[in-house]
Amino acid sequence: ITWSSDTSVTLTGWEVCAPPHFTVVGPCSVDGACIRSPNYPSEYGNVQSCTITPTSLAVGKHLSATAFNTESGFDKLIVNGATYDGTVGPSNVLLGSASITWSSDTSVTLTGWEVCAR
């Protein structure tokens, strides 16, 4: 990183943001190496979906849930073709470049999930 300034403007500083571990289409969110259901840790909504793609920073790392609470059998996180719902989320799942998907149905919303790449 290179930074320089001139004498005409004084600023209070600058911030460098790390590149994302995931890209997201939909209402899910990314926080560093973690992805979260919409509105986490509050309840996610009905009829929501997300497509989450690992970037080169996450590929080859392992994905594990730090929290997981979805409507069993209906609101699902799919990672590497495996479906996670209820209170059991992914644990030590090796990430490739395949997208992760989230979907909720038309009723019952819970606190959702947070999963992180390590």
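Residues numbered from 1 in each chain as written. Predicted model: local features only at pLDDT ≥ 70, side-chain atom pairs only at ≥ 80, totals over all residues. Heavy atoms only, no water.

A. Quick look at the sheet that holds strand 7 (residues 82-84). Spatial strand order, 1-4-9-6-7: five strands in an open sheet with antiparallel pairing. Where the open sheet ends on each side, the last strands, each with one partner, are strand 1 (22-25) and strand 7. If you compare each strand with its neighbour and ignore which way they point, the axes differ by 20° on average. Both strand 6 (residues 76-79) and strand 9 (residues 100-103) contribute to a ladder of three bridges, which runs antiparallel. Opposite Ile78, over in strand 9, you have Thr101 as the bridge partner. (Pairing = 2+ DSSP bridges. Helix = DSSP H or I, 4+ residues; strand = E, 2+ residues; numbered from the N terminus. Axes fitted to C-alpha atoms, helices over the stretch in contact; angles between N-to-C directions.)

B. Spatial organisation of the state of the cysteines. All chains considered together, the criterion is met by two disulfides. Between the sulfur atoms of Cys28 and its disulfide mate Cys50 the distance is 2.2 Å. Between Cys28 and Cys50, the S-S torsion sits near 95°, and that sign places the bridge as right-handed. Note that Cys28 is positioned in the loop between strand 1 and strand 2 (29-31) and Cys50 in strand 4 (residues 49-54), a separation of 22 residues in sequence. You'll find Cys28 and Cys50 in the same group, each marked buried. Disulfide partner of Cys34: Cys116, at an S-S distance of 1.9 Å. (Disulfide = S-S within 2.5 Å. Buried < 20%, exposed > 50% of the residue type's maximum accessible area, 1.4 Å probe, protein only.)

Any functional reading would require information beyond the geometric quantities listed.
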